[in-house]
Amino acid sequence: MSTHARLSGLPVQIDSYDLAPLERDVSSEFTRHTTVIRMSGGGHEGVGEDVTYDALDHVALQDAGPILPLAGTWTLGSFGARIAELDLFPAEPVREVSRLYRRWAYESAALDLALRQASKSLAEALGRDPRPVTFVVSLRLGKPATLDPVRRRLDAYPNLRFKLDPTSDWTDELIAALVETAAIDSVDFKGFYKGTVVDQPPDPDLYRRVVTAFPDAWIEDPALTDETRAVLAGTEDRITWDAPIHSIADIEALPFPPKMVNVKPSRFGGLEALLDAYDYLAERGIGAYGGGQFELGPGRGHIQYLASLFHPDTPNDVAPTGYNVPDTPPGLPSSPLPPQPSETGFRWGE
């Protein structure tokens, strides 16, 4: 039985839903906006989080209100099919990929609600045991780039591990200082981002200096040009992919078979697409780690929960949100996160 088949027949009664805005300044020097979707039915509530990046899309959604025709009795399978038919945006999204992010918000809320109505946890429904979740903290190092964001966090949490976004202003001295920390598990070259605050054009010199300095680190999303391919030759087993991965077809279309990929649930959009991808990777012995989208609310717990069930021991970019704010507070949990599934539903730490 496929993983999705274990959930697709689960009934869910939806009476109504509402929307709640969240907002926070985060470490990549921008204000993050998300929208929590709360579905109600049969005396229970299910929650999901829309992690669309553009504030304009959240404003349009929240101004329009809960106008979608979602009320009724469904199965998770039929609800997913219904969501796929609807236009979830009252105005055209700034970015087309945001359609997937919003679909995940509605489907994850419905999953939570269905499980609560059935008095089951996600782990129970899937027949999997949650395990402690290894995590890394994803950071950019400012403009100009300095060691300070890493140093401040290590001073407070000496065993922390990192996934960093190298930028062309990384000096040899900064790279040497980062090597000295022995705390870098992954580097993300952001080679597929265009028109965002995290754009990093392909830079063969940067690639050479970074992949040489961190010979054991995973290399995420390099831009492959004639020049960068030459620099990356021989490192293919360390190269992983994130931004281009929205489906099994995207994994199959990669320039070479991967050893590892970043599975962000919101990038897959639908629950069926995500769970089928987990099955695909497991059948082919391809590793996976979870990725975050600067979730501010229940979406962070969702990705931690999925990591605990499907890939707990890899460098999951699912750190508690407190690590992503500029002034990291004291008392945050360390890696690995102990299993925290709720008794029912798709909740973590409640």
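Scroll up to find the structure.
A. Expanded view of helix H3 (residues 76-85). All of the buried residues along H3 are Leu-76, Phe-79, Gly-80 and Ile-83. Relative to the axis of H3, the buried residues are bounded by an arc of 100° and lie together on one face. Lining the buried residues of H3 we find helix H1 (5-8), strand E1 (11-14), strand E3 (30-41), strand E5 (72-75) and helix H4 (98-117).

B. Focus on the nonpolar core. Ranked by internal contacts, the top residues of the largest apolar core, which has 91 residues, are Met-39, Leu-70, Tyr-106, Leu-122, Phe-162 and Trp-170. Considering each element in turn, this core owes the most residues, 9 residues, to H4. Those residues in contact with Phe-162 that sit more than four places away from it in its chain are Val-136, Val-137, Leu-139, Val-150, Arg-153, Leu-154, Ala-183, Ile-184, Asp-185 and Ser-186.

C. Here's a closer look at helix H2 (residues 55-64). Among all positions in H2, only Asp-57, His-58 and Leu-61 are buried. Along the long axis of H2, the arc covered by the buried residues comes to 95°, so they all point the same way. Of the exposed residues in H2, those oriented more than 90 degrees away from the buried face are Leu-56 and Asp-63.

D. Layout of the environment of Glu-173. Structurally, Glu-173 can be placed in helix H7 (residues 172-181). By relative accessible area, which is 60% here, Glu-173 ends up exposed. Glu-173 sits 27 residues away from Thr-146 along the chain, and the two C-alpha atoms are 9.8 Å apart.

E. Geometry of the pattern of salt bridges. For the structure shown, the criterion picks out 27 salt bridges. Ionic pairing is found between Asp-112 and Arg-347, a salt bridge with its closest N-O pair at 2.5 Å. Of the two residues, Asp-112 is situated in helix H4 and Arg-347 in the segment after helix H13 (298-310); the sequence distance between them amounts to 235 residues. Here Asp-112 and Arg-347 have matching classes, each one buried. Lys-190 serves as the salt-bridge partner of Asp-188, at 3.1 Å between the closest nitrogen and oxygen.

F. Expanded view of the sheet that holds strand E8 (residues 184-188). Strand order in the open sheet formed by 5 strands is E6-E7-E8-E9-E10, and the pairing between neighbours is parallel. Each edge of the open sheet is held by one strand with a lone partner, namely strand E6 (137-139) and strand E10 (239-240). As paired elements, E6 and strand E7 (residues 162-164) share 3 bridges and run parallel to each other. The partner of Leu-139 across the bridge, within E7, is Leu-164.

G. Seen up close, the side chain of Asp-242. Locating Asp-242 in the fold gives a position in the loop between E10 and helix H10 (248-252). At a separation of 3.0 Å, a polar atom in the side chain of Asp-242 contacts the side chain of Arg-267. The contacts of Asp-242, once residues within four sequence positions are left out, are Tyr-193, Glu-220, Asp-221, Asn-262, Lys-264 and Arg-267.

H. Geometry of the environment of Pro-166. With respect to the element layout, Pro-166 can be found in the loop between E7 and H7. Assessed through its relative accessible area of 1%, Pro-166 is described here as buried. In sequence terms Pro-166 and Leu-139 are 27 residues apart; their C-alpha atoms lie 9.4 Å from each other. Leaving out residues up to four positions away in the same chain, Pro-166 has contacts with Val-187, Asp-188, Phe-189, Gln-200, Leu-206 and Val-210.

Parameters at a glance
- Residues numbered from 1 in each chain as written.
- Predicted model: local features only at pLDDT ≥ 70, side-chain atom pairs only at ≥ 80, totals over all residues.
- Heavy atoms only, no water.
- Buried < 20%, exposed > 50% of the residue type's maximum accessible area, 1.4 Å probe, protein only.
- Helix = DSSP H or I, 4+ residues; strand = E, 2+ residues; numbered from the N terminus.
- Arc of directions from axis to C-beta.
- Contact = heavy atoms within 4.5 Å.
- Core = buried A, V, L, I, M, F, W, Y, C linked by side-chain atoms within 4.5 Å.
- Salt bridge = Lys/Arg side-chain N within 4 Å of Asp/Glu carboxyl O.
- Pairing = 2+ DSSP bridges.
- Polar contact = N/O pair within 3.5 Å; in protein donor to acceptor, adjacent residues only side chain to side chain.

Remember that the coordinates give geometry; whether it matters functionally is a separate question.
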